[in-house]
Amino acid sequence: MQSIGFDAPGGPEVLCIGTSPVPRLRPDDVLIRVAYAGVNRPDCLQRAGLYPAPPGASPLLGLEVSGEIVAVGSEVPREMIGQNVAALTPGGGYAEYCAAHWQHCLPVPAGMLLAEAAAIPETLFTVWHNLFERGLARDGERVLVHGGTSGIGTMAILLARAFDMEVIVTCGDDAKCAAATRIGANHTINYRETDFVEAVMAHTGGKGVDIVLDMVSGDYVARNLKCLTEDGRHVTIAVLGGTRAEINMAQVMMRRLTLTGSTLRPRSDAFKSALADEIADNAWPLFAEGEIAPVMDMSFPLAEAAAAHARMEAGEHVGKIVLEVAGGVSDGSR
């Protein structure tokens, strides 16, 4: 099959199209003929040599795909063959065929484009777990999201607003602030022109936010904590600004703050299956019924994966970038 690979870590230009074996299925896997593959920041980090694939995962890039199930493992219901699904994968999405655990697949509903379906799983699983499970988000609360126009940021806006939360986001320029507002953010902050701590406290009348969803870390952490109200929760999902932070633990104790975080890719199949079940019950119906839809940026042919990575790393995108592999549209799962 055709796939995207690289001989040595480096910039986007190291990505090239080649061939690799069709994945061998484990008993609980399905084989998906890939229509589209989502592009995510961890793909760029893996390509740069900074985020190796976990043991047992495909060395190919790609953490989410959409497409048709064409074969199943011995422990998978055979009626899944022929279904169109959106799937979370531990790797291998940048290829014509991809293996995924059958319980990490969500059925593509009638009317949903396969390009959109491929843009959902990685950010949906990440935001649901971190905002609602670890962050304990509740109706009526306020959340601060950094990187408001990223794939994670746009998904966080959509889900938080769907559950009646107030969303404050930071963005790198006025155009992205305007885009975040159109997506549904209640308040936007251009962090290059305004101190986001001051802006958050001014907007909330000095009360602060209940949750910070942070993908920066580093010196943002101490500033984020200043934005939290008492009993606030700080959830770290990436460390783009560095892995170390210096904070005042006395403030953590006096204001009863909670600091947590997670990474999704290395978690067990059982954990991801349980997470998929919760998403299927609580969040997937919002997409299936058309109440919310992923924010789409651009689609690139599989052979132009390098251009897709370059766009992501330049920070030009608003929403999700996808790679078109076989393309097509969905008529719903069969």
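Predicted model, so just to flag it, every value in this text is computed and none were measured.

This part is about the packing of aromatic side chains. Under the definition given, this model contains five aromatic pairs. Summarising the aromatic geometry, the rings of Trp128 and Phe132 are spaced 4.5 Å apart at their centres and angled 20° between planes, so their arrangement reads as stacked. Taken together, the residues Trp128 and Phe132, both in helix α3 (residues 121-134) and four residues apart, mark about one turn of the helix. You'll find Trp128 and Phe132 in the same group, each marked buried. Aromatic rings pair up to connect Trp128, Phe132 and Phe163 into one cluster. Lying across the ring of Tyr220, Arg223 places its NZ or CZ 5.3 Å from the centre.

To continue, consider the pattern of salt bridges. By the definition in use, this model includes 14 salt bridges. Arg256 serves as the salt-bridge partner of Asp231, at 2.9 Å between the closest nitrogen and oxygen. You can see Asp231 sitting in strand β12 (residues 228-236) and its partner Arg256 sitting in the loop between α8 (249-254) and β13 (258-261), a full 25 residues away along the chain. What makes Asp231 partly exposed here is its relative accessible area of 39%. The class for Arg256 is partly exposed, based on a relative accessible area of 41%.

Following the criterion strictly, the structure yields one cavity of 30 Å³ or more and no others. Considering only enclosed or pocket space, the largest cavity measures out at about 30 Å³ in volume. When grouped by side-chain class, the residues that make up the lining of the largest cavity number three nonpolar, one polar and three charged.

Here the focus is the environment of Glu13. The topology assignment puts Glu13 in the loop between β1 (2-5) and β2 (16-19). A residue is classified by how much of its surface remains accessible, and Glu13, at 63% relative accessible area, is exposed. As for Glu13 and Ala306, which are separated by 293 residues in sequence, their C-alpha atoms are 5.6 Å apart.

Thresholds applied
- Residues numbered from 1 in each chain as written.
- Predicted model: local features only at pLDDT ≥ 70, side-chain atom pairs only at ≥ 80, totals over all residues.
- Heavy atoms only, no water.
- Phe/Tyr/Trp six-rings, centres within 6.5 Å; stacked < 30°, edge-to-face > 60°.
- Helix = DSSP H or I, 4+ residues; strand = E, 2+ residues; numbered from the N terminus.
- Buried < 20%, exposed > 50% of the residue type's maximum accessible area, 1.4 Å probe, protein only.
- Lys NZ or Arg CZ within 6 Å of the ring centre and 35° of its normal.
- Salt bridge = Lys/Arg side-chain N within 4 Å of Asp/Glu carboxyl O.
- 1 Å grid on protein atoms, 1.4 Å probe; cavity = no way out; pocket = protein on both sides within 12 Å on 5 of 7 lines; lining within 4 Å.
- Points joined across faces, edges and corners; volume = space filled by probe spheres on them.
- Nonpolar A, V, L, I, M, F, W, Y, C, P; charged D, E, K, R; others polar.

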